Amino acid sequence: MTDRPVPRGPVGPYAFVFWNDDLDDAAVLAQLREIAGAGFVGVTLSARVGLSRRVGYLTPEFLRLVRVAVDECARLGLAVMLYDEASYPSGSANGAVVARDPAFAARCLVPVAHDVVVDGADDAYWRPALGRDLDARLLAVVARPPGGPRDGDGVLLPVRAPGLVRLDLPAGAWRVTAVFDAASGGTIRGAHPEQDDGHALAPPAADLLDPGAVAAFLELTHDAYAAALGDHLGTTVVAMFTDEPFLLGRGHRPHARPYTPGLEAEVAASLDVATGEVLRRLPELWDAGDGARPGGTDPASTGFARAWDDAVRARLHRVYYDAQAAWCARHGIALTGHPAEPDDLATAARMHWPGQDTVWRWVLPPASGGDGTALDGSESAAPKVAASAARARGGTPAVTEALGAYGWRLTLDEARWLLDWYLSRGVTTPVLHAFFSSVRGGRAFESEPDLGRWNSWWPHLPALVGYVRRVAELLAAALPVWPVGVLSRPDAATSGPVVRALLEAQVDFGYTTDGVGHAELVDPADGVPDVVSLKERLRAAGAPVVEAAPPAPDLRVVVLADGAGYVCFHEGERTVRTALRLSGLPADACWWDPFTDTCRPVERDADGRVPLVLERRRTLALVAAGGRKVAAAPPAPGRRVEVTGWRGAVERVVGDLDDVRDDPATVVPDALGLGDWTAVPALRRFAGSVRYVATADLPDGAGAARLNLGAVGDAATVTVNGTVVGHALAAPHVVDVPAGALRAGPNVVEVLVSNNAAVYYEGDRCPSGLIGPVTLTL
């Protein structure tokens with residue numbers, strides 16, 4: 001089979017769908033229709049812990065349901081990413097690879113140390129053993145003198161039958177280390193409830209460095225999908241998602257380092273030494289402690305350990321990722337997903353659509369206690385790693401798995417910030433984690449939250465989805481200009497002070513390992529760059545430069561290619577007030593708000609700068625108006641009218657309204673006024689939506705107006721006289737009411753408010769409801 005063209009899209013938000021219970025056609029179709037109705041461009045279909053045994057994984061029934069789903073996606077216009085594993089990490093086919101051949105289980109090297117004093121009086125022997133492991137193979141025994149590790153100071157000792165080592169050494173103290181090749185004992189999280197971490201039936205991890213094991217994985221998983229889906233591959237199905245392959249699996253043996261038989265010969269070839277020399281130096285792998293990350297290598301390693309890790313990573317690329325990519329290319333789809341490490345640039349680049357993930361509240365906005373997490377540490381590098389790897393592949397989509405395992409406390413305020421964090425760094429294809437088929441039993445607490453029907457703010461999610469889609473399409477149509485390259489190691493992209501200095505001065509960049517394709521190269525080894533002189537050099541080279549006065553460190557500015565404009569993102573908590581000096585403006589420029597999809601005129605001050613006022617959780621794009629209608633500049637604030645007389649009624653409930661009443665004697669009021677509804681005893685644990693209605697009497701008509709909802713817990717959608725006029729998902733909860741929506745006389749204003757789902761799922765006491773005060777500025 002010859003390669004087919006690999007799709008380059010569509011870009012925009014995908015819904016990560018968890019099939020985590022007993023499913024039938026009706027449930028599958030209903031969820032897909034909800035997702036399509038919310039505005040997603042596609043879905044990532046995945047089996048997940050909790051899937052029923054009746055459905056099974058890669059069974060005829062499972063594959064039939066996949067076909068039903070993909071057929072429906074084709075009808076709905078949803079693109080499909082297939083997920084290549086039962087839960088994660090990828091590469092084991094829910095244990096079927098090792099079931100086919102036990103030799104395909106993940107392997108590792110494990111040290112067993114023995115301290116001895118040799119007196120030279122008579123022969124001494126040692127029989128090293130790895131417990132009672134009959135599968136372990138003694139690969140090498142090395143003696144080294146005590147006093148701390150020294151490169152190359154080991155003595156390779158021969159092993160004699162029946163596994164004895166003669167300690168034929170000069171007199172003195174020695175540390176003798178036996179290095180075993182053994183099964184890692186690692187597992188993956190499987191598809192079924194009894195296959196999760198720590199369970200006796202957790203599926204064994206496969207050896208991703210073994211071509212035979214990887215071939216079995218592709219046959220069991222990918223070929224099964226191809227047989228079931230036929231010509232959907234390359235049309236409706238656009239990608240295969242591989243999820244953080246762990247070389248050792250989860251819960252592996254202590255002190256394990258990745259291995260597959262014959263790896264020592266590859267290391268020897270890379271060092272141009274004999275294989276025996278590699279065996280003699282194996283104990284050096286543990287000299288710096290157990291620094292290996294889940295991917296199996298240690299970016300801080302040096303010397304021999306570095307050479308070993310480089311060989312491991314090169315073999316993983318060749319045997320696992322390249323085999324997957326080749327299969328995908330033959331079937332006309334892209335390989336996507338993300339590697340095990342967030343800063344692993346080289347591994348991300350092996351995928352057609354490079355990706356990363358951000359989960360477990362590793363990165364947070366400052367208001368949520370996340371000061372510094374956006375700019376410091378390996379997790380902060382993830383968006384730029386994905387986008388830089390995608391740029392190196394010619395500008396293919398950059399993918400992220402976002403919002404996963406952030407807990408039921410995740411707010412739309414946080415979600416907006418996180419998605420902006422990715423978009424501002426060039427990621428165009430976020431996969432929103434996740435949309436649960438079920439929250440029955442413990443499923444509600446398996447990598448929560450659900451972002452769909454089981455979440456209280458589900459009615460407001462389409463507004464955020466539409467925003468992400470519009471920004472992603474803009475960034476894909478005119479790739480961001482990165483005049484600066486930040487030199488990075490292939491497996492550990494730079495973060496911290498260098499990145500902070502650039503982004504806080506509105507200097508965008510891409511990671512590079514060779515410096516090719518950038519006007520200026522920043523080497524972190526040289527320290528934090530002088531941004532002023534860097535901008536002078538960029539300007540002299542004809543590269544676009546953005547200057548903000550006064551300085552605006554929370555402002556991120558993306559320069560679009562071919563003079564298409566600029567996108568301004570807000571990464572902080574306080575309103576940005578500055579003026580921008582830009583290299584040029586598109587003809588017919590306007591300020592476009594991609595959240596509201598509205599435009600307003602661009603102004604210039606006496607110095608030719610463009611004034612910018614950007615509130616928190618807001619984005620503005622300075623682009624050509626094109627066919628967009630440019631509204632008049634908002635008038636100066638006029639009279640303010642307080643809207644009173646609110647009456648709220650429960651419209652949507654997460655769970656059961658009766659179940660959330662701790663005291664059955666409490667009563668839900670017929671109508672709620674302004675205030676926190678959790679203060680009402682019957683609603684203390686109520687999560688869902690309340691629709692508030694009030695009448696605003698205006699003596700005469702009004703043009704454009706601004707509705708300030710005051711305090712809101714958490715998200716709101718505003719309707720005026722029967723027409724939805726806007727959404728407020730984050731503070732400040734303000735909605736611009738367009739001209740013509742308000743009229744003289746009574747105006748019916750409705751506000752649908754949804755609170756945080758943690759009130760129900762966690763018992764948290766989060767501010768809930770329309771708290772106010774609510775004012776109209778005319």
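Report follows, based on the coordinates.

Scoring rules and cut-offs
- Each chain carries its own residue numbering, running from 1 in the direction its sequence is written.
- For a predicted model such as this one, the threshold for reporting local features is a pLDDT of at least 70, and the threshold for listing and counting side-chain atom pairs is 80 or more; totals across whole chains, interfaces and linings nevertheless cover every residue.
- As a convention, hydrogens and water are excluded, and side-chain values are obtained from all of the structure's heavy atoms.
- By the criteria applied, helices consist of DSSP H or I runs no shorter than four residues and strands consist of E runs no shorter than two, each listed in order from the N terminus.
- A radius of gyration in this sense is built from C-alpha atoms; the matching globule rule multiplies 2.2 Å by the number of residues raised to 0.38.
- Burial classes follow relative accessibility: with a 1.4 Å probe on protein chains only, a residue under 20% of its type's maximum area counts as buried, one over 50% as exposed, and anything between as partly exposed.
- The criterion used for residue contact is that any of the two residues' heavy atoms lie within 4.5 Å.
- Positive: Lys, Arg. Negative: Asp, Glu. His and the chain ends are not part of the count.
- Every charge is mapped to an atom, namely NZ of Lys, CZ of Arg, CG of Asp or CD of Glu.
- Put simply, a nonpolar core is a bunch of buried Ala, Val, Leu, Ile, Met, Phe, Trp, Tyr and Cys residues held in one set by side-chain atoms that sit within 4.5 Å of each other.
- The salt bridge criterion pairs a side-chain nitrogen of Lys or Arg with a carboxyl oxygen of Asp or Glu, the two atoms within 4 Å.
- Here a polar contact is taken to be a pair of N or O atoms separated by no more than 3.5 Å, where protein atoms must pair a possible hydrogen donor with a possible acceptor and residues adjacent in sequence count only if both atoms sit in side chains.
- Helix axes are fitted to C-alpha atoms over the stretch in contact, other axes to C-alpha atoms as well, and angles between N-to-C directions run from 0 to 180 degrees.
- Throughout, the term roughly parallel applies to angles under 35 degrees, roughly antiparallel to angles over 145, roughly perpendicular to angles from 65 to 115, and oblique to all others.
- Take the far helix as your reference; a near helix turned counterclockwise from it by less than a right angle gives a left-handed crossing, and one turned clockwise gives a right-handed crossing.
- Each residue gets one of three labels, nonpolar for Ala, Val, Leu, Ile, Met, Phe, Trp, Tyr, Cys and Pro, charged for Asp, Glu, Lys and Arg, and polar for the others, Gly among them.
- Each pair of aromatic rings taken from Phe, Tyr and Trp, with Trp reduced to its six-membered ring, is defined by centres within 6.5 Å and is described as stacked if the planes are under 30 degrees apart, edge-to-face if over 60, and tilted in the remaining cases.
- Note on pairing: DSSP must find at least two bridges between two strands before they are called paired.
- When the strands point away from the viewer and the path from the first strand over the helix to the second turns clockwise, the crossover is right-handed.
- Here a helix's expected span is defined as the number of its residues, less one, multiplied by 1.5 Å.
- When the sulfur atoms of two cysteines come within 2.5 Å, that pair is taken as a disulfide.

**Brief notes about the overall build of the protein chain**
A count of helical and extended segments in the protein chain gives 14 helices and 38 strands. Compactness check: the protein chain gives a C-alpha radius of gyration of 29 Å against a globular reference of 28 Å for 778 residues, within 12% of the reference. Along the first, second and third principal axes, the C-alpha atoms of the protein chain reach 110 × 70 × 55 Å. Taken across its 778 residues, the protein chain has 59% of its residues classed as buried. Contacts in the protein chain between residues at least 24 apart in sequence constitute 79% of all its contacts with a sequence separation of at least 6. Where the 72 positive side-chain charges of the protein chain centre and where its 95 negative ones centre are 3 Å apart.

**Side note on the environment of Val718**
Here Val718 lies in strand S33 (residues 715-720). Accessibility expressed as a relative area gives 0% for Val718, which makes it buried. With ten residues separating them in the primary sequence, Val718 and Ala728 have C-alpha atoms 8.0 Å apart.

**Thoughts on the nonpolar core**
In terms of nonpolar packing, the biggest core is built from 153 residues, with Trp19, Val43, Phe62, Leu282, Trp308 and Leu461 touching the most fellow members. Here this core gets twelve residues from one element, more than from any other, and that element is helix H7 (residues 303-330). If we skip the residues at most four places from it in the chain, Phe62 touches Trp19, Ala47, Leu51, Val55, Gly56, Tyr57 and Tyr225. With 35 residues, the next largest nonpolar core counts Ala705, Leu709, Val712 and Val751 among its residues.

**Some points on the side chain of Asp298**
Residue position: Asp298 is located in the loop between helix H6 (275-280) and H7. Of the side chains with opposite charge, Arg257 comes closest to the buried, unpaired Asp298, at an N-O distance of 5.6 Å. A polar contact is formed between the side chain of Asp298 and the backbone nitrogen of Ala300, at a distance of 3.0 Å.

**Looking at the packing of helix H10 (residues 412-423) against helix H11 (residues 461-477)**
Each pair of packed helices gets described by two things: the angle between the helix axes and the distance between those axes. Two elements in contact, H10 and H11, have axes separated by 11 Å at closest approach and are oriented at 10°. Between H10 and H11, the angle falls in the class roughly parallel. Within the contact between the two elements, H10 uses Leu412, Ala415, Arg416, Leu419, Asp420 and Leu423 and H11 uses Leu461, Leu464, Tyr467, Val468, Val471, Ala472 and Leu475.

**Some thoughts on the packing of helix H1 (residues 25-37) against helix H2 (residues 60-76)**
Two elements in contact, H1 and H2, have axes whose closest approach is 10 Å; the angle formed by their N-to-C orientations is 30°. One way to sum up the angle between H1 and H2 is to call them roughly parallel. Every pair of crossing elements has a handedness; the one defined by H1 and H2 is right-handed. Contacts between H1 and H2 involve Asp25, Val28, Leu29, Leu32, Arg33 and Ala36 on the former and, on the latter, Arg64, Leu65, Val68, Ala69, Glu72, Cys73, Arg75 and Leu76. When the residues that make up the contact of H1 with H2 are grouped by side-chain class, the tally is nine nonpolar, no polar and five charged.

**As for the packing of aromatic side chains**
Counting across every chain of the model gives 21 aromatic pairs. On the numbers, 5.6 Å between centres and 50° between planes, the contact of Phe16 with Tyr83 is tilted. Note that Phe16 is positioned in strand S1 (residues 14-19) and Tyr83 in strand S3 (residues 79-86), a separation of 67 residues in sequence. Classification of Phe16 by relative accessible area gives buried; the value is 0%. Taking 6.4 Å as the distance between ring centres and 10° as the angle between the ring planes, the aromatic pair formed by Trp417 and Trp421 counts as stacked. Residue Trp417 and its partner Trp421 are both found in helix H10; the two are separated by four residues, about one turn of the helix.

**A word on the pairing of strand S17 (residues 484-487)**
Here four bridges tie S17 to strand S18 (residues 509-512), and the two strands are oriented parallel to one another. Within the sheet, the bridge partner assigned to Val484 lies in S18 and is Phe509. This β-α-β element, S17 to helix H12 (residues 497-503) to S18, shows right-handed connectivity. As paired elements, S17 and strand S19 (residues 520-522) share three bridges and run parallel to each other.

**Let's talk about the sheet that holds S17**
Spatially, S18-S17-S19 is the arrangement adopted by the three strands of the open sheet, whose pairing is parallel. The outermost strands of the open sheet, each flanked by one partner alone, are S18 and S19. Pairwise comparison of adjacent strand axes, ignoring direction, gives a mean angle of 35° for this sheet. Of the strands in this sheet, S17 and S19 touch helix H13 (residues 531-540), which is tilted by about 155° from S19.

**Some details on the environment of Ala758**
Its location among the elements puts Ala758 in helix H14 (residues 758-761). For Ala758, a relative accessible area of 0% puts it in the buried group. Separated by 73 residues in the primary sequence, Ala758 and Arg685 have C-alpha atoms spaced 8.8 Å apart. For Ala758, the contacting residues outside a window of four places in its chain are Trp408, Arg409, Gly763 and Asp764.

**Observations regarding H11**
Under the 1.5 Å per step criterion, the end-to-end length of H11 is 24 Å for 17 residues, consistent within 8% with the ideal 24 Å. Those residues of H11 not exposed but buried are Leu461, Ala463, Leu464, Val465, Gly466, Tyr467, Val468, Val471, Ala472, Leu474 and Leu475.

**Some words on the sheet that holds S33**
Taken together, the five strands give an open sheet; going across it, the order is S29-S30-S36-S33-S34, and neighbouring strands pair in antiparallel fashion. A strand with exactly one partner marks an edge of an open sheet, and here the two such strands are strand S29 (647-653) and strand S34 (723-728). Sheet twist, expressed as the average angle between the axes of neighbouring strands with direction ignored, equals 25°.

**Some remarks on the state of the cysteines**
Taken as a whole, this structure holds zero disulfides when the rule is applied. The cysteine Cys73 is free of any disulfide, with Cys328 supplying the nearest cysteine sulfur at 18 Å.

**Description of the pattern of salt bridges**
Tallied over the entire structure, the rule returns 58 salt bridges. The residue Arg500 makes a salt bridge to Asp376 at a minimum N-O spacing of 2.7 Å. Highlighted residues: Arg500 in helix H12 and Asp376 in the loop between strand S14 (355-358) and helix H9 (382-392), separated in sequence by 124 residues. The class for Arg500 is partly exposed, based on a relative accessible area of 27%. A salt bridge links Glu504 to Arg500; the nearest nitrogen and oxygen atoms lie 3.1 Å apart.

**Examining H10**
Taking 1.5 Å per residue, twelve residues should reach 16 Å; H10 reaches 16 Å between its end C-alpha atoms and fits that length. Along H10, twelve of the twelve residues are buried, which leaves the element largely enclosed by surrounding structure. Within H10, burial applies to Leu412, Asp413, Glu414, Ala415, Arg416, Trp417, Leu418, Leu419, Asp420, Trp421, Tyr422 and Leu423.

**What about unusual backbone geometry?**
Residues His433 and Ala434 are joined by a peptide bond in cis, for which omega reads 5°. Among the secondary structure elements, Ala434 is positioned in strand S16 (residues 429-436). With an omega dihedral of 0°, the bond running from Ala549 to Pro550 counts as a cis peptide bond. If you check the backbone angles, His255 has positive phi at about 65° while not being a glycine. Take His255: it is sitting in the loop between strand S11 (237-243) and strand S12 (257-259). Even without glycine at this site, Arg361 takes up a positive phi of about 60°.

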